[in-house]
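# Coordinate inspection notes
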Amino acid sequence: FSFLSEGMAWGMDECTPEAKIVSKEVPSAPSFFIWYSSSQADYIHEAIFRAQGFGKFADRCKEEGDEELEEARNCTKRVVELGGQPVIGYSEQPIFNEVKDLLKDWDDGFKEYKGVEELEKIAASLTDDSITRKLVESFVECEAEHRAWVAQHMGIIERIGYENYLIEQLGD
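Quick look at the structure, then. Everything numeric here is computed off the predicted structure, so don't read it as measured data. (Residues numbered from 1 in each chain as written. Predicted model: local features only at pLDDT ≥ 70, side-chain atom pairs only at ≥ 80, totals over all residues. Heavy atoms only, no water.)

## Regarding the overall build of the chain
- Scanning the chain from N- to C-terminus turns up 6 helices and 3 strands.
- From first element to last, N terminus to C terminus, the chain shows the α and β order β-β-β-α-α-α-α-α-α.
- Burial statistics for the chain: of 172 residues in total, 47% are counted as buried.
- Counting contacts in the chain only where the partners sit at least 6 residues apart, residues at least 24 apart contribute 68% of the total. (Helix = DSSP H or I, 4+ residues; strand = E, 2+ residues; numbered from the N terminus. Buried < 20%, exposed > 50% of the residue type's maximum accessible area, 1.4 Å probe, protein only. Contact = heavy atoms within 4.5 Å.)

## Side note on the side chain of E46
- Within the element layout of this structure, E46 appears in helix α1 (residues 33–51).
- For E46, a relative accessible area of 16% translates into the label buried.

## Thoughts on the environment of R50
- Along the chain, the position of R50 falls in helix α1.
- Judged by relative accessible area, R50 falls into the partly exposed class, the value being 33%.
- Each C-alpha atom of the pair R50 and Q169 lies 10.0 Å from the other, and the pair is 119 residues apart in sequence.
- A polar atom in the side chain of R50 sits 2.6 Å from the side chain of D59. (Polar contact = N/O pair within 3.5 Å; in protein donor to acceptor, adjacent residues only side chain to side chain.)

## Observations regarding the packing of aromatic side chains
- Scanning the model with the defined rule gives 4 aromatic pairs in all.
- When the ring of F57 is compared with that of W106, the centres are 6.2 Å apart and the planes differ by 25°; the resulting orientation is stacked. Of the two residues, F57 is situated in helix α2 (residues 55–81) and W106 in helix α3 (residues 99–113); the sequence distance between them amounts to 49 residues. When sorted by exposure, F57 lands in the same class as W106, which is buried.
- For the pair F57 and W149, a centre-to-centre distance of 5.9 Å together with 45° between the ring planes defines the contact as tilted. With F57 in helix α2 and W149 in helix α5 (residues 130–160), this residue pair connects regions lying 92 residues apart in the sequence. For the pair F57 and W149, one class covers both residues: buried.
- Site record: aromatic cluster; members linked through ring pairs are F49, F57, W106 and W149.
- Residue placement shows K100 over the ring face of Y162; its charged tip is 5.0 Å from the ring centre. (Phe/Tyr/Trp six-rings, centres within 6.5 Å; stacked < 30°, edge-to-face > 60°. Lys NZ or Arg CZ within 6 Å of the ring centre and 35° of its normal.)

## Observations concerning the side chain of Q169
- Assignment of secondary structure puts Q169 in helix α6 (residues 162–169).
- For Q169, a relative accessible area of 7% puts it in the buried group.
- For Q169, the side chain forms a polar contact with the main-chain nitrogen of F57, separated by 3.2 Å.
- Excluding its chain neighbours within four sequence positions, the residues that come into contact with Q169 are G53, F54, G55, K56, F57 and H153.

## Some details on the nonpolar core
- In this structure, F49, F57, V99, L103, W106 and Y165 are the most contacted members of the largest nonpolar core, which totals 19 residues.
- Put simply, the parts of the chain that give this core at least two residues each are α1, α2, α3, α5 and α6.
- Of all the elements, α3 adds the most residues to this core, at 5 residues.
- With sequence-adjacent residues up to four places away left out, W106 is seen in contact with D42, F57, C61, E64, H146, W149 and V150. (Core = buried A, V, L, I, M, F, W, Y, C linked by side-chain atoms within 4.5 Å.)

## Describing the pattern of salt bridges
- Enumeration according to the criterion identifies 10 salt bridges in this entry.
- We note a salt bridge from E46 to R50, for which the minimum N-O separation is 3.3 Å. With a gap of 4 residues between them, E46 and R50 both fall in helix α1, about one helical turn apart.
- Counted as one network, the salt bridges with shared partners bring together K77, R78, E81 and D129. (Salt bridge = Lys/Arg side-chain N within 4 Å of Asp/Glu carboxyl O.)

What follows is the structure in structure tokens.
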């Protein structure tokens, strides 16, 4: 994901799932393929886990996909408002058949890429663009909520065990 604001480009590397500042000058048109690819992966996980009977966890995957897609749409809209031209591409995302593997991947991503912290820095740097700053702050809030949810569920697995956790995730 890349974003253009006041002549500054910021965004995601193709290889990372979290945002970071990539340039102070606009090298090319912004691209949104990480967010769009991530939302597609979330929808695939929804289908996988729903087929396995883990409806509650599948619902969470769908919520994540919906949030990622909405964030991508909002960024696309903002880039167009600023006179930029969004570019769509694809970034391969891992697909998991085990709930614990997806949770671990999400948790590892938070630890490795420090997305919330980077987004907070980006928001703080947008002193001349309150609209973009508020947009980024909304991403911070969503990422922080997702991080807290993942940490909570990793803790539940640690306390009650994976099999018991899966039983809790059964349902529509």
